[in-house]
Amino acid sequence: MLKNLFLLFVLTGFTIFIGCKKESNLIGYSVIDPNELEILYLDNLPVNLSIIKEDSLSSFNTPTSYLGKIYDENFGYTKASIYTEIRLSNSNVNFNESLIIDSVVLSLKIADFYGDSLSNFDINVNQVLENIENDDNTFSDQNYLFDNQFLYQGNHLITPNSEKTIKLKLDNLIAESFINSDSSNFADNSSFRNFFNGLYLSSNNNSDNGLLLELDLLSTESKLSMYFHSNDLDTIIYDFQINSSCNRLTNWENDYSNSQVNEQFLNDNLSLGYIQGGAGIRSKINFPTIYNLKDSNFVINKAEIIIPYMSNNLDSIFPPPNNLGLAAIDDEENLSLLYEDQSIQGSSYFDGNINVSNKNYKFNISRYIHDVVENDRSSTLIVYVPYSVTNPNRVIINNFHQDSIGIKLKLYLSR
């Protein structure tokens, strides 16, 4: 006969039914015949919640790049800037000194946006003064030297829902330097890369909410175009490409000094958790009493972790992630994939997708919990935004247990 039995915990332990000791092993919940087994349902394990800043992540050569600055009273300021190389579209280019410069235009393809689409948006463009190198020590907080003289500085009212490409008219100084340089610098891309290191794009937008633009630099619409004419008035256009051979980096900066989250980093028993992309914040979840199941008479048939989130008036501007990631963490703070639940069982079983109706995220972690109980694996989990360097979404999770809406670990047990 199927029963729903709520077991009450006392301090760090709990009261359970004691019977003959039985070797515990994982039984797939979906294959249990409820007429043959007595199922006990447990969801009141204590939960400790804390937050940590993400380690620097690699944001090199990601499919898209972010530019802009936003402010959220919960998470503070987030700023994204871009370093990118450009490439010759052919070898042995000859910028004849007789050419007359008309204009230089940097085109940037908009892929998406995050924030207030009606925010004023300022963009700065500078020349990078050192090679943009991709190595093991290059992360999302990497900075490169750049020339303080602006090639472009301007403010825009961008409407990314309808505007597909930004076109910035740069200072002709860059074209003049190309015309006046030695032709050997344009023999091939290796020579050109040493001559011209690339462009730095930044924004210091200080509007109320701000805007982050997701740019597709690999689109054929993203390019640097130089327009010339000759003495006989023929128009000449030369396009420099931003392609997959170009090193590109999004630099993420997060400033929590003027935010609600700032005082929470030292607290290891929070009622609210913070999760933020853009190389931002992760939440740490621990179940301190889960090991008490080891010497019990119960078999773990199914385990779910349900993580409720809080809606607020900024959700329309800063929507929560469509899904979250979940990983185990050891005593050395190293992340460990929940391999059997996530990879072997598959993504649809593992879940982690947002449930807007119930305002929560859910993960199925039966094999992990079994490993914790039987093999003393760490009971601490990290919740994070997947692919954080290309996903600036953020969410506040709810752990108010006094209101019975906090984080729950649901265990389906049989005796």
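We now turn to the structure provided with this report.

**Quick look at the packing of aromatic side chains**
Part 1 of the argument: Overall, the coordinates contain 26 aromatic pairs when judged by the stated rule.
Part 2 of the argument: Taken together, a centroid distance of 5.5 Å and an interplanar angle of 80 degrees make the contact between phenylalanine 75 and tyrosine 274 edge-to-face. Of this pair, phenylalanine 75 sits in the loop between β5 (65-72) and β6 (76-84) while tyrosine 274 sits in strand β16 (residues 272-276), and the two are 199 residues apart along the sequence. Across the pair, tyrosine 274 and phenylalanine 75 agree in class, each one buried.
Part 3 of the argument: Chaining the aromatic ring pairs together yields one cluster made of Phe95, Phe178, Phe186, Phe192, Phe195, Phe196, Phe228, Tyr238 and Phe240.
Part 4 of the argument: Directly above the aromatic system of phenylalanine 265 lies the positively charged group of lysine 53, at a separation of 5.1 Å from the ring centroid.

**A word on the pattern of salt bridges**
Part 1 of the argument: The final tally for this structure, using the stated rule, is ten salt bridges.
Part 2 of the argument: The partner of arginine 282 in a salt bridge is glutamate 54, with the nearest N and O atoms 2.8 Å apart. Placement of the pair is arginine 282 in strand β17 (residues 281-286) and glutamate 54 in the loop between β4 (48-53) and β5, with a sequence separation of 228 residues. Exposure class is identical for arginine 282 and glutamate 54. Each is buried.
Part 3 of the argument: Put simply, Glu85, Arg87, Glu133 and Arg193 are held in one network by salt bridges that share partners.

Definitions and limits used
Every residue gets a number counted from 1 within its own chain, in the order that chain's sequence is written. Predicted model: local features are reported for residues with pLDDT of at least 70 only, side-chain atom pairs are reported and counted for 80 or more only, and whole-chain, interface and lining totals are derived from all residues. As a rule here, side-chain values come from all non-hydrogen atoms in the structure, and water together with hydrogens is ignored. Only Phe, Tyr and Trp rings take part, Trp by its six-membered ring, and two of them pair if their centres are within 6.5 Å. Stacked means planes under 30 degrees apart, edge-to-face means over 60, and tilted covers everything else. Only DSSP runs of H or I reaching four residues or more are called helices, and only runs of E reaching two or more are called strands; each is numbered from the N terminus. The buried label goes to any residue with under 20% of its type's maximum accessible area, the exposed label to any with over 50%, and the partly exposed label to all in between, with areas taken from a 1.4 Å probe on protein chains only. Placement of a positive charge over a ring is assigned whenever Lys NZ or Arg CZ falls within 6 Å of the ring centre and within 35 degrees of the normal to the ring plane. Each salt bridge in this description consists of a side-chain nitrogen of Lys or Arg and a carboxyl oxygen of Asp or Glu lying within 4 Å of one another.

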